[in-house]
Amino acid sequence: MSDKPYINISGKENGSRIETRVLEEQIQAAVTDGYRRLNIDAFGQHGIGGRLFKAGDDPVTVRITGHPGQRVGAMGFPNTQIEIFGPASDDVGWLNAGAHITIHGNAGNGVANAMAQGKIYIEGNIGARGMTMTKHNPRFDPPELWILGGAGDYFGEFMAGGVAVICGYEPQNPDSILGYRPLVGMVSGKVFFRGHQDGYSKVDAKQIPIDDDAYAWLHENLKVFLDTVGRGELLNTLAEREKWQLIRARTPMEKKGRTLRAMTDFRHKVWNRELGDGGLVGDLTDIDRRPIPLVPTGALRRYVPVWENRQYAAPCEATCPTGIPVQERWRLIREGRMDEAVDLALAYTPFPATVCGYLCANPCMTACTKQTALIDPVDVTLLGKASINAGLPEIPPTGDTRIGVIGGGPAGISVAWQLRLKGHDVVVYDTASRLGGKISSAIPNLRIPEEIVDRELARIREVIPHVQMEQAINADTFARIRSDFDFTIIAVGANKPRTLPIPGNEHLVTALDFLSRAKTGKASVGNRVVIIGAGNVGCDVAAVAHQLGAVDITLIDIQEPASFGKERAEAEKVGAKFQWPCFTREITDESVVLTSGEVIPADTVFVSIGDAPEIDFLSDDIQTDAGFVGTDEYGQTSAPNVFAIGDAVKPGLLTDAIGAGRRAADAIDDIAEGRRPVGRLRPVIDTRRVTLEYFDPRITVYTDADHCGSQCSSCGTCRDCEICISLCPQAAIARNETENNDFEYIVDADRCIGCGFCAAVCPCGVWNIIENDALASYDLS
């Protein structure tokens with residue numbers, strides 16, 4: 001329990017009434033900040049005191065003065081005590097799930113509407129349709145409504161549980177304490193009342209004597225009610241037993257009005273007696289024709305629930321080219337295992353901080369199931385940045401299989417990393433002086449601190465010690481590497497910039513050359529810059545050119561620019577202009593001339609239309625296609641012991657290259673162990689199976705990894721929240737501990753009715769409701 005004092009929250013600011021939404025946000029913020037005692041000065045705002053779940057099990061006291069609007073305490077939680085010093089408007093305690101609400105005055109219509117738990121005390125009278133459509137879960141105490149005065153019309157309509165006590169003290173209508181036509185459609189529950197009542201639905205309810213136990217309960221709780229509303233002096237007046245009456249709901253059998261013969265009795269005593277055992281076809285078959293229960297269990301259920309934990313990939317995992325099970329990392333965060341969550345990424349990528357934290361376009365966040373409900377996805381970059389502290393993975397001894405990797409960029413490092421962690425002997429060859437490919441040589445420092453790259457490369461060198469830098473790769477070198485190793489992997493990337501075959505192209509500066517020179521501090525630009533090609537690399541050029549002093553920056557493209565994400569945002573931030581469609585005719589000393597005749601002034605002109613791989617060293621037995629290496633889905637080329645990955649095969653994101661390296665490593669490991677390569681992808685879960693109502697749609701900024709973990713729906717992987725156990729109406733679901741500190745949820749077929757509640761409420765979508773195959777093959781003999 002917080003020791004913070006009361007916080008005062010006013011429904012006015014600067015003399016003007018604030019919106020209900022604003023007041024609600026202030027109340028929720030106060031509870032989040034640790035306040036557990038709140039004074040609210042209301043000015044007609046609705047829903048005050050409801051949904052204060054952020055306090056957990058801590059009790060919260062809400063004191064309301066002024067004039068609260070409708071639905072005070074709506075969807076209230078068991079931890080909440082609400083006290084209103086004056087009258088209240090309609091729908092007090094709507095959908096109340098446990099809050100205790102006290103009103104020092106009258107209340108409007110709809111008090112306790114659809115209430116399921118908790119208590120409501122009224123020091124006065126209430127309007128129409130109080131205690132309607134209530135419900136009672138037998139696992140919890142029934143909802144209670146206590147009224148010092150009387151109730152308005154249609155009281156207890158469709159009441160399906162709970163207890164109402166109407167004291168009849170100074171009621172608004174002394175001739176009818178329960179108002180006009182009370183208890184219509186009453187299904188269950190009780191109503192104690194004191195005073196005169198002019199009729200009620202005798203079809204749905206009946207008056208019964210108050211026995212000793214009922215009166216003892218009434219007397220004990222009447223004292224609590226009167227003390228709470230400050231009217232304890234009325235106890236002797238209101239406690240006279242002979243003036244109290246009790247109405248309860250009629251049972252289904254009582255409502256029928258006559259006893260009906262059971263089908264079993266009719267079959268044995270009438271049907272079979274007249275026609276013999278088996279009825280009309282008794283001489284042809286001896287199948288069991290006993291009546292099936294109205295709500296069957298076991299083999300006779302039409303549908304059965306299946307716990308499909310971890311059988312489907314979450315959308316974040318499925319769309320991550322690297323294949324990182326993001327939802328598993330958030331699970332570890334929820335369990336307080338931050339170090340394990342960080343280290344888990346190293347099983348999938350050697351660049352968990354560099355890429356996931358800074359450079360990735362984050363397709364996992366784009367695919368997040370929460371996006372289907374317009375809820376902001378959890379921020380995986382927070383976990384990515386924390387991964388800089390990941391520990392060194394366990395490195396197994398080197399085996400007999402030797403693999404040569406040509407290329408030390410993201411793809412080459414990824415495949416070498418994975419193969420080394422599988423116990424293979426790996427050597428990396430690269431033409432550059434530093435590992436990392438374009439991460440080290442071209443991606444601007446404004447996108448990622450250089451220290452992050454240095455630390456991850458240092459960790460990589462500990463796992464992959466055999467690296468030969470500044471190695472020229474030609475046909476002879478390639479032939480030697482193929483002969484020296486069991487497998488050869490081509491991961492040379494795309495380092496040959498494409499240019500335009502137009503007059504004046506000698507004035508063009510390629511994006512790759514410029515970014516590489518800028519990394520070493522050797523680049524310069526004029527005041528006016530034009531960039532041909534408005535993709536993400538072009539946006540990087542724009543941002544770096546601005547850093548170097550460019551004032552007027554224009555990106556042109558033949559189509560709507562394909563740039564997006566952080567790179568596009570950074571270019572727009574520095575004032576770069578985007579123009580399309582534009583077709584370049586000529587480059588001059590001072591401008592770019594378009595085929596339309598438009599002249600764009602330029603001191604420096606960059607071309608950023610992509611790069612191609614340099615693969616002239618390949619032998620004739622390796623097929624190529626349009627300047628790229630041809631491979632199958634695993635990266636295997638037409639030469640069985642040669643693989644190719646990354647931009648040498650197809651241009652893509654950094655994560656595409658890293659993921660290709662991981663898939664190729666799995667395939668090579670399978671082949672080396674005598675297995676046929678197989679895909680390791682799980683089908684992605686249908687997001688319609690995931691229930692998102694538990695997550696706050698107002699969250700747009702995540703403060704830390706713990707916050708993200710709490711808001712991940714864990715699609716396809718059980719959160720072990722036990723909501724399904726709590727909601728199962730048959731108590732048919734149980735949780736079992738299994739090996740390795742794991743668990744499973746099992747269904748008792750003899751109790752389960754196949755209602756589907758478990759699947760409907762599951763935040764993770766791990767429950768599936770399928771047709772019962774056993775029903776089709778059920779043996780009735």
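Residues numbered from 1 in each chain as written. Predicted model: local features only at pLDDT ≥ 70, side-chain atom pairs only at ≥ 80, totals over all residues. Heavy atoms only, no water.

(A) Structural context of the sheet that holds strand β25 (residues 591–594). Strand order in the open sheet formed by three strands is β24-β25-β26, with antiparallel pairing between adjacent strands. The sheet is open, and its two borders are formed by β24 (584–587) and β26 (599–601), each paired with just one other strand. Pairwise comparison of adjacent strand axes, ignoring direction, gives a mean angle of 20 degrees for this sheet. Relative to β25, β24 is paired through three bridges, and the arrangement is antiparallel. Bridging from a neighbouring strand, T584 pairs with L594 of β25. (Pairing = 2+ DSSP bridges. Helix = DSSP H or I, 4+ residues; strand = E, 2+ residues; numbered from the N terminus. Axes fitted to C-alpha atoms, helices over the stretch in contact; angles between N-to-C directions.)

(B) Spatial organisation of the environment of C728. Among the secondary structure elements, C728 is positioned in the loop between α21 (723–727) and β32 (733–737). The spatial distance from the C-alpha of C728 to the C-alpha of I753 is 9.8 Å, given a sequence separation of 25 residues. Not counting residues within four places of it along the chain, the set of residues in contact with C728 comprises R139 and I733. (Contact = heavy atoms within 4.5 Å.)

(C) Just empty space enclosed by the protein, in detail. By the definition in use, this model includes four cavities of 30 Å³ or more. In this structure, the largest cavity encloses a volume near 140 Å³. Surrounding the largest cavity, 17 residues form its lining, C316, W330, C368, V378 and C712 being those nearest its centre. Per element, the largest residue contribution to the lining of the largest cavity is three residues, and it comes from helix α7 (residues 326–334). Looking at the lining of the largest cavity residue by residue, the class counts come to twelve nonpolar, four polar and one charged. (1 Å grid on protein atoms, 1.4 Å probe; cavity = no way out; pocket = protein on both sides within 12 Å on 5 of 7 lines; lining within 4 Å. Points joined across faces, edges and corners; volume = space filled by probe spheres on them. Nonpolar A, V, L, I, M, F, W, Y, C, P; charged D, E, K, R; others polar.)

(D) Molecular detail of the packing of aromatic side chains. The final tally for this structure, using the stated rule, is 14 aromatic pairs. With a centroid separation of 5.8 Å and 45 degrees between ring planes, the pair formed by F53 and F77 is classed as tilted. Separated by 24 residues along the polypeptide, F53 in the loop between β4 (37–43) and β5 (60–67) and F77 in the loop between β5 and β6 (80–84) bring together distant segments of the chain. With 6.4 Å between their ring centres and 85 degrees between their planes, Y121 and W146 make a pair best called edge-to-face. Within this pair, whereas Y121 is found in strand β8 (residues 117–122), its partner W146 is found in strand β9 (residues 144–147), the two being separated by 25 residues in sequence. Members of the aromatic cluster, joined through ring pairs, are Y121, W146, F192, W217 and F225. Sitting over the face of the ring of Y6, R37 holds its NZ or CZ atom 5.7 Å from the ring centroid. Lying across the ring of Y154, R129 places its NZ or CZ 4.5 Å from the centre. (Phe/Tyr/Trp six-rings, centres within 6.5 Å; stacked < 30°, edge-to-face > 60°. Lys NZ or Arg CZ within 6 Å of the ring centre and 35° of its normal.)

(E) Examining the side chain of Q418 more closely. Relative to the helices and strands, Q418 resides in helix α12 (residues 410–421). A distance of 3.2 Å separates a polar atom in the side chain of Q418 from the backbone oxygen of A347. Apart from the residues within four sequence positions on either side, Q418 is in contact with A347, Y348, T349, R662 and A665. (Polar contact = N/O pair within 3.5 Å; in protein donor to acceptor, adjacent residues only side chain to side chain.)

(F) Layout of the sheet that holds strand β16 (residues 425–429). The strand order β17-β16-β15-β18-β31 describes an open sheet built from five strands, whose pairing is parallel. Across the chains shown, the open sheet's two edge strands, defined by having one partner strand only, are β17 (467–468) and β31 (642–644). Note: strand β15 (residues 402–406) against β16, five bridges, orientation parallel. Within the sheet, the bridge partner assigned to R402 lies in β16 and is D425.

(G) Layout of the pattern of salt bridges. This structure, assessed with the given rule, holds 42 salt bridges. Taking the shortest distance from any N to any O, the salt bridge between R568 and E572 comes out at 3.0 Å. Pair noted here: R568 and E572 are both in helix α18 (residues 565–573), with a separation of four residues, about one helical turn. By relative accessible area, which is 45% here, E572 ends up partly exposed. Close ionic contact of R675 with D669 constitutes a salt bridge, the shortest N to O distance being 3.1 Å. Because the salt bridges share partners, they merge into one network encompassing R310, E328, R331, E335, R337, E340 and D742. (Salt bridge = Lys/Arg side-chain N within 4 Å of Asp/Glu carboxyl O. Buried < 20%, exposed > 50% of the residue type's maximum accessible area, 1.4 Å probe, protein only.)

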